[in-house]
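Descriptive structure summary
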Amino acid sequence: MIETITVTGGGTAPPEDVLLEVRDLRTYFHVMDGTVPAVDGVSFRLKRGDTLGLVGESGCGKSVTALTIMQLLDIPPAQIASGEIWFEGRDLLQLKKDEMQRIRGKDIAMIFQEPLTSLNPVFTVGDQISEQVSQHLRVPKKEAWDRAIEALRLVGIPSPERRVKQYPHEMSGGMRQRVMIAMALSCEPKLLIADEPTTALDVTIQAQILELLKSIQERTESSLMLITHDLGVVAEMVSEIVVMYAGEIVEQGTVEDVLVRPRMPYTMGLIESIPDVNKRGERLSAIKGVVPSPFNLPPHCRFEPRCPFAWERCSTITPELFEIGNGRLARCHLHAPGQEERRRRALTGEPHVASGEGGETLEHLLADDAEPGGPGSPAPNAEAPAVAGEGPGWTSSESGA
C-alpha cells in the first residue's frame, strides 16, 4: 500500500529552464536484517529537452531513485528520509496523494524494465493504454481508444487497429516494449523515465527501441532520464551522465567528459572492463572484489575495498563530491586539495580508454586524442602506478577469445 509521504521541504524552486531537480535525496528500506540506504544523498538536475543517463552496477540505487521520483515505493518498508524532488517548480514530496496521481502517468511517465510483468495479462493492450488516457485527459471512451491506436502507430507497431485488441502474451518481447513506450507517451509527458528499456532484447530490437526513444524525445521536445548499466547505450543516447555506486553518486558530467576522461576510479574500472576487439586474446580487465553488502557498507569511501588507488585517507575520511572543472563532480580523495601529484600518477598510469573508429559508437566516443603516454592515452600492457599505500591494480581474467 502506498501511503502519504511527509518530508520536510523549504527549499527554493530551481531556475525555469530546469524541469527536474533532485536534492540530497535519501531513500532507505527497513527490513528484518537492518536498514538499507538504497539512495543516499543523491542530487542532480535535468533541463527541459535534455537527456540524462543514470548508470552503475545492479543494486546501486538507479531504479530506486526513479521509483522515488514517481512515488511508487511501498511505505513501509521504504522510507523517503529526506530530500527534495522539484518538478515544474513544485516539490513532489510536498504534494498530496491525489495531486501526485494527477502528475504520475501524465506529466511524468515511466517505461519499466520488464514489460511482461508490467502489463496486465488479463486486459488487452488497448484497454490498458486507453484507461490511462481516460484517467488523465478525461476524454470519451471512443477518443481514448483512438488515441491508443495512434500511440501504437507512433511507436512503429504495424496494423495498430488489430494489435490494440491483443493481449501482452500474444506479442514478442520487442513488441511489448513498444507497447510500454506507447503507454508512457499516450498522455504526452514532459519527462520520460526509461528503466533498462532494452533488457532481454536482442541486439537488433535493442537498436530499434533506442532509435525510437531518441526520435520521439527529439520530436516531442520532452526530457529523458535513461537508467542503464550499458555504457554503449549511454554513449549513444544521453548528453549528461550520473554514475552511481552503493547508493551514492560517484561521478557526474557530460557524456564526453565522463566516458573519455573518467576521474573516479570506479568509472575508470567500468570503462576498462569493456571488451575491445583490439585486445583479442588478451586478459579482460575486471574490478576486483564484489559490491559491498548494503547492510555492511564501508564507513567512509564505499569503493575503497575495491579501489587500486586507495590509501589511508580513504578508510578514515568520507570523500565529498569534489568539483573538478567544467561542471564535473567526482567523489574521490584524489581530487582533494594537496593531492595533485597522487592524482597525476593515478590518471596517467591506468589504461582505461578504449580505442576504435567509426560512427557514434561507444568505441568512437571513447577514442582519446591524447599524445602517447599523456593523460588518458592507452597503455595496453602497463601496470597501475605504484602509488604509496595503494592496493593492487585492476584484476584480470583470461579471455576465451
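That block above? That's the structure.
When you go through the chain residue by residue, the secondary structure sums to 13 helices and 14 strands. Counting across all 401 residues of the chain, residues that qualify as buried make up 52%. Restricting the contact set of the chain to residue pairs at least 6 apart, pairs at least 24 apart contribute 66%. Within the structure as shown, the chain displays about 18500 Å² of accessible surface, and the carbon and sulfur contribution to it stands at 51%.

The sheet contact formed by strand β1 (residues 18–31) and strand β2 (residues 34–47) spans 10 bridges and is antiparallel. Looking across to β2, one finds that R26 is bridged to D40. Counting the residues in the hairpin turn of β1 and β2 gives 2 residues.

Before going further, it helps to spend a moment on the sheet that holds β1. Strand order in this open sheet of 4 strands is β2-β1-β4-β5, and the pairing throughout is antiparallel. The sheet is open, and its two edges are formed by β2 and β5 (90–91), each paired on a single side. Where strand β4 (residues 78–87) lies against β5, 2 bridges are found, and the strand directions are antiparallel. Paired with W86 across the bridge in β5 is D91. Each of β1, β2 and β4 is contacted by helix α1 (residues 62–70), which is oriented at about 110° to β1, the strand it contacts most.

Here we come to the packing of helix α4 (residues 125–137) against helix α5 (residues 141–154). Running from N to C, α4 and α5 cross one another at 120°; their axes reach a closest spacing of 8 Å. Judged by the inter-axis angle, α4 sits oblique to α5. Between α4 and α5 lies a crossing of right-handed hand. In contact with V125, G126, D127, I129, S130, V133, S134 and L137 of α4, α5 contributes A144, W145, R147, A148 and L152. Its residues placed into classes, the contact of α4 with α5 shows 8 nonpolar, 3 polar and 2 charged.

Here we take up the sheet that holds strand β13 (residues 329–330). Pairing in this open sheet of 8 strands is mixed, and the strands run β6-β7-β8-β3-β9-β10-β13-β12 from one edge to the other. In this open sheet, the two strands that pair with only one neighbour each are β6 (108–111) and β12 (322–323). Bridge count between β6 and strand β7 (residues 191–195): 4 bridges; the pairing is parallel. For M110, the partnering residue across the bridge sits in β7 and is I193. Strand contacts of α1: β3 (51–55), β6, β7, β8 (223–228) and β9 (240–245), with the helix running at about 145° to β8, the strand carrying the most contacts. The strands that helix α11 (residues 265–272) touches are β9 and β10 (248–254); relative to β9, the one it contacts most, it runs at about 100°.

Because each turn of an α-helix spans 3.6 residues, side chains separated by three or four positions in sequence point in the same direction. Across the 8 residues of α11, 8 count as buried, placing the element largely inside the fold. All of the buried residues in α11 are P265, Y266, T267, M268, G269, L270, I271 and E272.

Attention shifts here to unusual backbone geometry. Looking along the chain, the bond that leaves I75 and enters P76 is cis, with omega of -10°. For P76, the location among the structural elements is in the loop between α1 and β4. A cis geometry characterises the amide bond from P76 onward to P77, with omega recorded as 10°. By secondary structure assignment, the location of P77 is in the loop between α1 and β4. Not every positive phi belongs to a glycine, and D24 is a case in point at roughly 45°. As for its placement among the helices and strands, D24 is situated in strand β1.

Tracing the backbone shows R328 in the loop between β12 and β13. What makes R328 buried here is its relative accessible area of 6%. In contact with R328, other than residues within four places in its own chain, are E251, Q252, G253, D257, V258, R261, P262, R263, F322 and E323.

With that settled, the discussion passes to the pairing of β3. β3 sits mainly inside the fold: 5 of its 5 residues count as buried. Residues T51, G53 and V55 point to one face of β3 and L52 and L54 to the other, with burial holding for every one of them.

Inspection of every chain in the model, using the stated rule, returns 20 salt bridges. Between E21 and R23 there is a salt bridge, with the nearest N and O atoms lying 3.0 Å from each other. Across this residue pair, the class does not change: E21 and R23 are buried. Across the pair E161 and R153 runs a salt bridge, and its minimum N-O distance is 2.6 Å. If you follow the salt bridges from partner to partner, you end up with D24, R26, D40, E248, R302 and R331 in one network.

This part is about the packing of helix α7 (residues 173–185) against helix α8 (residues 203–220). Two elements in contact, α7 and α8, have axes separated by 10 Å at closest approach and are oriented at 15°. The orientation of α7 relative to α8 falls into the category roughly parallel. In the crossing of α7 with α8, the sense of the turn from one axis to the other is right-handed. Of the residues in α8, those touching α7 at G174, Q177, R178, I181 and L185 are I205, Q208, I209, L212, L213 and I216. Among the residues making up the contact of α7 with α8, the classes are represented as 7 nonpolar, 3 polar and 1 charged.

Reading the values: rules and limits
- Residues numbered from 1 in each chain as written.
- Predicted model: local features only at pLDDT ≥ 70, side-chain atom pairs only at ≥ 80, totals over all residues.
- Heavy atoms only, no water.
- Helix = DSSP H or I, 4+ residues; strand = E, 2+ residues; numbered from the N terminus.
- Buried < 20%, exposed > 50% of the residue type's maximum accessible area, 1.4 Å probe, protein only.
- Contact = heavy atoms within 4.5 Å.
- Areas by Shrake-Rupley, 256 points an atom, 1.4 Å probe, with all protein chains shown as cover.
- Pairing = 2+ DSSP bridges.
- Axes fitted to C-alpha atoms, helices over the stretch in contact; angles between N-to-C directions.
- Parallel < 35°, antiparallel > 145°, perpendicular 65-115°, else oblique.
- Left-handed = near helix turned anticlockwise from the far one by under 90°.
- Nonpolar A, V, L, I, M, F, W, Y, C, P; charged D, E, K, R; others polar.
- Salt bridge = Lys/Arg side-chain N within 4 Å of Asp/Glu carboxyl O.

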